[in-house]
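Listed below are the residues making up each chain.
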Amino acid sequence: MSAEETISKIAEDVSVCTKCALHESRKKSVPGDGPATAEIMFIGEGPGFHENEQGHPFVGASGKFLDQLLAQADVTREDVFIANVVKCRPPGNRDPLPDELTACDVYLEAQIEAINPSIVVTLGRFSMNKFFPGAKISAVHGQMQKVGGRFVIPMFHPAAALHQAALKPSILGDFAKLPDQLNEARIALGKPAIVRRRKLEEAPDEKSQQMSLF
Ligand code: URA
Ligand code: SF4
């Protein structure tokens, strides 16, 4: 099976999954969106109200903010895969329970294996705990660490930054570092570096500034 076929199969399995109690109240499951060839995979917490209605991740208020954050990183939704640690909405947006996280992890693991991204960005503490149990997000956010055959960067959840203005500069700064971290990760994994779109666009400008020094 190609990575794309595997990703579609996981989405089908998730849509009829009854492995935990969250299936009872879900309207639409939210398996995750994005290309099976994505270099960066984002992992959030779980579907909220709007995600449960629409079947897509980060389509509500935190999704709007995530779009701004992606722009900081010079990427669009079409470039990245976005998933969650639980694929069905916890009622009233409560935290996912340990048995729900365990039950749903098989799907997340299968997605990571199929996509094989160079970088996983965890958004919030539940996805961070999967890779760095017991870590403190305030201490480790934005720091890239090798985990198995890829790199993982823990970041604040966009919703947390929406509710606590003090976190906003941190999360914006962490996203702005992502293009350089991606190249660092790719080089460490033996892949060629990527030339940034924005850098290419900026290049003539930089040149004319340099020229004007003479
Ligand atoms: N918050 C999440 O963690 N995931 C979503 O899909 C939407 C909001
Ligand atoms: Fe299945 Fe995950 Fe939905 Fe639970 S949250 S029913 S494990 S897809």
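Before reading further, recall that the structure is shown in the block above.
Residues numbered from 1 in each chain as written. Chains lettered and ligands numbered in written order. Predicted model: local features only at pLDDT ≥ 70, side-chain atom pairs only at ≥ 80, totals over all residues. Heavy atoms only, no water.

Novice: Could you clarify how one ought to interpret the packing of helix α1 (residues 3-15) against helix α4 (residues 98-115) in this entry?
Specialist: For any two helices packed against each other, the geometry comes down to the angle between their axes and how far apart the axes lie. Two elements in contact, α1 and α4, have axes separated by 9 Å at closest approach and are oriented at 165 degrees. Taken together, the axes of α1 and α4 lie roughly antiparallel to each other. Relative to α4, the crossing made by α1 is left-handed. In this structure, α1 contributes Ala 3, Thr 6, Ile 7, Ile 10, Asp 13 and Val 14 to the contact, and α4 contributes Tyr 107, Ala 110, Gln 111, Ala 114 and Ile 115. (Axes fitted to C-alpha atoms, helices over the stretch in contact; angles between N-to-C directions. Helix = DSSP H or I, 4+ residues; strand = E, 2+ residues; numbered from the N terminus. Parallel < 35°, antiparallel > 145°, perpendicular 65-115°, else oblique. Left-handed = near helix turned anticlockwise from the far one by under 90°. Contact = heavy atoms within 4.5 Å.)

Novice: How should I be thinking about the packing of aromatic side chains in this particular structure?
Specialist: The geometry of an aromatic ring pair comes down to the distance between the two centres and the angle between the two planes. Scanning the entire structure with this criterion turns up one aromatic pair. Ring geometry for Phe 42 against Phe 175: centres 5.7 Å apart, planes inclined by 0 degrees, an arrangement best described as stacked. Residue Phe 42 is found in strand β1 (residues 40-44), and its partner Phe 175 is found in helix α8 (residues 168-176); the two are separated by 133 residues along the sequence. Each member of the pair Phe 42 and Phe 175 is classed as buried. (Phe/Tyr/Trp six-rings, centres within 6.5 Å; stacked < 30°, edge-to-face > 60°. Buried < 20%, exposed > 50% of the residue type's maximum accessible area, 1.4 Å probe, protein only.)

Novice: Just checking my understanding: could you explain empty space enclosed by the protein for this structure?
Specialist: Using a probe with the size of a water molecule, rolled over the atoms, empty space left in the structure can be pinpointed. Counted according to the given criterion, the structure contains one cavity of 30 Å³ or more. Computed from the structure, the largest cavity encloses a volume of approximately 100 Å³. Top contributing element to the lining of the largest cavity by residue count: α4, with four residues. Partitioning the lining of the largest cavity into residue classes produces nine nonpolar, two polar and four charged. (1 Å grid on protein atoms, 1.4 Å probe; cavity = no way out; pocket = protein on both sides within 12 Å on 5 of 7 lines; lining within 4 Å. Points joined across faces, edges and corners; volume = space filled by probe spheres on them. Nonpolar A, V, L, I, M, F, W, Y, C, P; charged D, E, K, R; others polar.)

Novice: It is not clear to me how the environment of Lys 9 should be interpreted in this structure. Could you clarify?
Specialist: Within the fold, Lys 9 resides in helix α1. Taking the C-alpha atoms as reference points, Lys 9 and Val 152, separated by 143 residues in sequence, lie 25 Å from one another.

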